[in-house]
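Residue-level structure breakdown
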There are 2 protein chains.
Amino acid sequence: MSQANNRLEKRDQLISTAFSLFYRYGIHAVGINQVIDAAGVAKRTLYHHFDSKEALIAATLAYRDQQFRIWLEARIEQVPPGGGALLAVFDALDDWFNERDEAIMPFHGCFFINTCAEYTDPQNVHHQQCQTHKRLVHEMLLRHAYQVNAERADALSQELVFLKEGAIVQAHVMADPQAALVAKGVAKRLLQSYTT
Amino acid sequence: MSQANNRLEKRDQLISTAFSLFYRYGIHAVGINQVIDAAGVAKRTLYHHFDSKEALIAATLAYRDQQFRIWLEARIEQVPPGGGALLAVFDALDDWFNERDEAIMPFHGCFFINTCAEYTDPQNVHHQQCQTHKRLVHEMLLRHAYQVNAERADALSQELVFLKEGAIVQAHVMADPQAALVAKGVAKRLLQSYTT
DNA sequence: CTGAATGTATACCGATCTGTCTACTTGCTT
DNA sequence: AAGCAAGTAGACAGATCGGTATACATTCAG
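Residues numbered from 1 in each chain as written. Chains lettered and ligands numbered in written order. Predicted model: local features only at pLDDT ≥ 70, side-chain atom pairs only at ≥ 80, totals over all residues. Heavy atoms only, no water.

Now for the interface of chain B and chain A. The partner chain A presents 39 residues to the 39 residues of chain B that form the contact. Both faces combined, the contact of chain B with chain A buries some 3,300 Å², and carbon together with sulfur accounts for 67% of it. When the buried area of chain B at its contact with chain A is split by residue, Thr-120, Phe-162 and Val-173 of chain B rank highest and sum to 20% of it. Close ionic contact of Arg-189 of chain B with Glu-159 of chain A constitutes a salt bridge, the shortest N to O distance being 2.6 Å. Summed over the shared surface of chain B and chain A, the number is 12 residue pairs in polar contact (both at pLDDT 80 or more). Those elements that place two or more of their residues in the side of chain B that touches chain A are α1 (3-25), α6 (111-118), α7 (125-148), α8 (153-173) and α9 (179-194) of chain B. In terms of residues, the side of chain B that touches chain A owes the most to one element, α8 of chain B, which gives 12 residues. Residue composition of the side of chain B that touches chain A, by class: 21 nonpolar, 10 polar and 8 charged. (Contact = heavy atoms within 4.5 Å. Buried area = accessible area lost by both parts, 1.4 Å probe. Salt bridge = Lys/Arg side-chain N within 4 Å of Asp/Glu carboxyl O. Polar contact = N/O pair within 3.5 Å; in protein donor to acceptor, adjacent residues only side chain to side chain. Helix = DSSP H or I, 4+ residues; strand = E, 2+ residues; numbered from the N terminus. Nonpolar A, V, L, I, M, F, W, Y, C, P; charged D, E, K, R; others polar.)

Here it is in structure tokens:
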């Protein structure tokens, strides 16, 4: 194992450890010492890679953004394009909520919604990073909505986003394992009404 | 001003001050000292009324639960029963999001969703208190859904809840002032399909 | 060979955290 | 009149916070 590999490994180790802790316990509730202990890394090493806790938070959000979008994109592309792809989103959510897909386990709600709950001001740096993530996911749905109804793709995708967010909140807050399927039921009817 | 009044006033003052701070900055981010400074109360007084910060949090959640449900109930009862009452929910949300109703200002997302984001474990005491609140609001919608379609009231109310939660998240995370109206549009179509 | 980069461990800094304590005041109730 | 409940201000305790400093080890590149 080369030094260059070690460099990256430590950095990534810190980010993925920080993510797991932030995601489970919340950002404010997790201290820097807890992160370095769990990562098995010296404090100096953390502050070598990141200027501050704020910088670590930003890196953690970027890490999850990548992980989540790559995962969802892959799940959608497993089915033929069109309405089916949009419904596949809810099947993906179902597996996420019920922790049936190792690639995205465990489930503690949406990390970005949770982060906005800790930084409620929309002007806050972290809040805005969450907005960017949500916007990118929305655009992903929009691309597939075009295949269903190009003229009304904006409206369709936006309405599906509402159902998606509602399902995530319901699954987490109410610990409802069927949330994704309920949302999928509504999405189906919605899709029908958009498929002229 | 009698002493007996003063007693209750101090307690309520602490709760409403704590709520404002917790709601705006998050629970973990707000310290006990910050609460007593803002409330203009001695630390001893806080610990006279509450055993711990945990107890203050519980009281804060109960306070908001009451405030919110009384507010929403009042908003719904301003219109004749039936489908209109269910749509009135989204008009109420619209005023909440855009801070047009003094009774429920300001808007920093849903305090209960935010709290669940800080206490992600559904077994956590505070998380469960949030579940209870959401269940009570759901039952409120259910009662009105009965007027629309008694046989399928469960399904209808559940789907409206999803739209409601989705709208709250969208309004907060994306700072989208129109979220409630988008959700209302979907709710309208949903209601039509349930009004045989 | 040497120096820069990256890593280790650990002590330390000042600030803040929740919660307790002392000492005193006020005012209602019995 | 006496006692109790509720209030004040503020010191204090012990832990933890984010972040820095010191001293040293390893490894790769010029």
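Turning our eyes to something else, we now look at the relation of the copies chain B and chain A. Of the two same-sequence chains, chain B is brought onto chain A (RMSD 0.0 Å, axial shift 0.0 Å) by a rotation of 180°. Here the two chains are linked by the operation of a two-fold rotation axis. Closest approach to the rotation axis among the C-alpha atoms of chain B is made by Gly-166 of chain B, whose C-alpha sits 1.9 Å away. Comparing interface residues between copies, 100% of those in chain B also sit at the interface in chain A, which points to an isologous, same-surface contact. (Least-squares fit on C-alpha atoms with pLDDT ≥ 70 in both.)

A few words on the protein's contact with DNA strand C. Among the 20 residues in the neighbourhood of DNA strand C, the closest are listed as Thr-45 and His-49 of chain A together with Ile-32, Lys-43 and Arg-44 of chain B. Atoms of DNA strand C within 4 Å of the protein belong to the sugar or the phosphate in 62% of instances, the rest to bases. Within the side chain of Lys-43 of chain B, an N or O atom sits 2.4 Å from a base oxygen of DNA strand C. Between a base oxygen of DNA strand C and a side-chain N or O atom of Arg-44 of chain B, the distance comes to 3.2 Å. Considering every element that reaches the surface near DNA strand C, the biggest residue donor is helix α3 (residues 43-49) of chain A, with 4 residues. (Near = heavy atom within 4 Å.)

Residues and elements named next belong to chain A. For chain A, the domain assignment lists domain 1 (1-50) and domain 2 (58-194). One C-alpha centre belongs to domain 1, the other to domain 2, and the line joining them spans 27 Å. Contact with domain 1, which involves 11 residues of that partner, is made by 16 residues of domain 2. Contact between domain 1 and domain 2 buries roughly 1,200 Å² in total, counting both sides, with carbon and sulfur atoms accounting for 68%. When the buried area of domain 1 at its contact with domain 2 is split by residue, Phe-19, Tyr-23 and Ile-27 rank highest and sum to 57% of it. (Domains from an automatic or database assignment.)

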